[in-house]
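# Commentary on secondary and tertiary structure
If you want the building blocks of each chain, they are given just below.
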Amino acid sequence: MKFIDKGRQPPALIAIHKDKTKTYENDVCDNLKTIPKITVKSDTLESLMKDQGYICCYCMQKIYTKGLTSASPLYPTIEHYIAQHTPQSKSNNLDTDYKNMLVTCHGNDKKEPDNKHCDSSRGGVVFKYLNPLDKSCEKVLGYGADGSIICLDDTNRNDIEHDIKLLNLNYQKIKDNRKSIMDGIKKLKVYSKNKLQAKWNKEIFKNEQLSKCVKSSSGEYKEYVQVIVYVLSKL
């Protein structure tokens, strides 16, 4: 999970949020078939993806809309960290609050409904600890040799493991993808050492790879970026 630093939100969404009579379902979603509301949702989605560097807020796989329609099984979803149905959301108008919005991947909602993950797996269940809007999310999670996501915080272990299971973040395909990333870093290390031999320096290697873990010129993070960061920290 990667910490998300929020950027600027669409002005149209700000106006909707200020009006306490308006809701996400009625005034942002595109199911009303009105162009202004479609624009609000699509602009919000694009802003959120930009904030996240075009990776899912939970599993960190790539998200994109180019070449897709909203009916596509690969189309990303606007997620509310504090679920819309909760009293906290309703009393604080959080359904239209940009700070409460994230973007998730498709989560196998339509592709493999028996293997849902991320928002599709969570539904509206309340989180106990994990939050990609809190920097601690990068510190309390690690990755096992088989690609599994693991808890590094003994104090909050039960709550964190509850959330990992809630999001189904150890779904086999995601584990395999993470393991592939981890194996790639290890192979790159071996290749680099063999090439440079006595000139090879571990810290230089780590810093070179970490420099690639920031947003690119196109505003994108590498897929599973925190997995890369974690593996490099263990070299």
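### Overview of the overall build of the chain
Regarding its fold elements, the chain presents nine helices and four strands. Against the globule reference of 18 Å for 235 residues, the chain gives a C-alpha radius of gyration of 19 Å, in line with a compact fold. Along the first, second and third principal axes, the C-alpha atoms of the chain reach 65 × 40 × 30 Å. Counting only residues that meet the buried cut, the chain has 43% of its 235 residues in that class. The contacts in the chain between residues at least 6 apart in sequence include a share of 67% that link residues at least 24 apart. On the chain, roughly 12600 Å² of surface is accessible, and the fraction owed to carbon and sulfur atoms is 51%.

### Digging into the pattern of salt bridges
This model, assessed by the stated rule, comprises nine salt bridges. The partner of Glu138 in a salt bridge is Lys2, and the shortest N-O contact between them spans 3.5 Å. With Glu138 in the loop between helix H5 (119–122) and strand S3 (141–143) and Lys2 in the segment before helix H1 (11–18), the pair connects residues that are 136 residues apart, well separated along the chain. On the accessibility criterion, Lys2 (15% relative accessible area) is buried. The residue Arg157 makes a salt bridge to Glu161 at a minimum N-O spacing of 3.2 Å.

### What to know about the nonpolar core
Met1, Tyr58, Leu141 and Leu169 are the most contacted members of the largest nonpolar core, which has 56 residues in total. If you list the elements that add at least two residues to this core, you get H1, helix H3 (35–51), strand S2 (101–104), S3, strand S4 (149–151), helix H6 (157–166), helix H7 (172–196) and helix H9 (225–233).

### So, the layout of surface pockets
The computed volume of the second largest pocket comes to approximately 160 Å³. Around the second largest pocket, the lining residues are Leu188, Tyr191, Ser192, Lys195, Leu196, Lys199, Trp200, Asn201, Ile204, Phe205, Glu208 and Gln209. Listed by contribution, the elements that provide at least two residues to the lining of the second largest pocket are H7 and helix H8 (202–210). The greatest single-element share of the lining of the second largest pocket, amounting to five residues, is contributed by H7. Tallied by class, residues from the lining of the second largest pocket come to six nonpolar, three polar and three charged.

### Quick word on the packing of aromatic side chains
Applying the stated criterion to the full structure yields four aromatic pairs. Ring geometry for Tyr81 and Phe127: centres 5.0 Å apart, planes at 5°, overall stacked. Of this pair, Tyr81 sits in the loop between strand S1 (77–80) and helix H4 (87–92) while Phe127 sits in the loop between H5 and S3; the two residues are 46 residues apart in sequence, bridging distant segments of the chain. Residue classification places Tyr81 among the buried residues on the basis of a relative accessible area of 14%. Taking relative accessible area as the criterion, Phe127 reaches 10% and is therefore assigned buried. With a centroid separation of 5.6 Å and 75° between ring planes, the pair formed by Tyr143 and Tyr230 is classed as edge-to-face. One end of the pair, Tyr143, is in strand S3; the other, Tyr230, is in helix H9, with 87 residues separating them in the sequence. Between Lys6 and the ring centre of Tyr98, over which it is positioned, the NZ or CZ distance is 4.4 Å.

What counts, and where the lines are drawn
Residues numbered from 1 in each chain as written. Predicted model: local features only at pLDDT ≥ 70, side-chain atom pairs only at ≥ 80, totals over all residues. Heavy atoms only, no water. Helix = DSSP H or I, 4+ residues; strand = E, 2+ residues; numbered from the N terminus. Rg over C-alpha atoms; globule rule 2.2 N^0.38 Å. Buried < 20%, exposed > 50% of the residue type's maximum accessible area, 1.4 Å probe, protein only. Contact = heavy atoms within 4.5 Å. Areas by Shrake-Rupley, 256 points an atom, 1.4 Å probe, with all protein chains shown as cover. Salt bridge = Lys/Arg side-chain N within 4 Å of Asp/Glu carboxyl O. Core = buried A, V, L, I, M, F, W, Y, C linked by side-chain atoms within 4.5 Å. 1 Å grid on protein atoms, 1.4 Å probe; cavity = no way out; pocket = protein on both sides within 12 Å on 5 of 7 lines; lining within 4 Å. Points joined across faces, edges and corners; volume = space filled by probe spheres on them. Nonpolar A, V, L, I, M, F, W, Y, C, P; charged D, E, K, R; others polar. Phe/Tyr/Trp six-rings, centres within 6.5 Å; stacked < 30°, edge-to-face > 60°. Lys NZ or Arg CZ within 6 Å of the ring centre and 35° of its normal.

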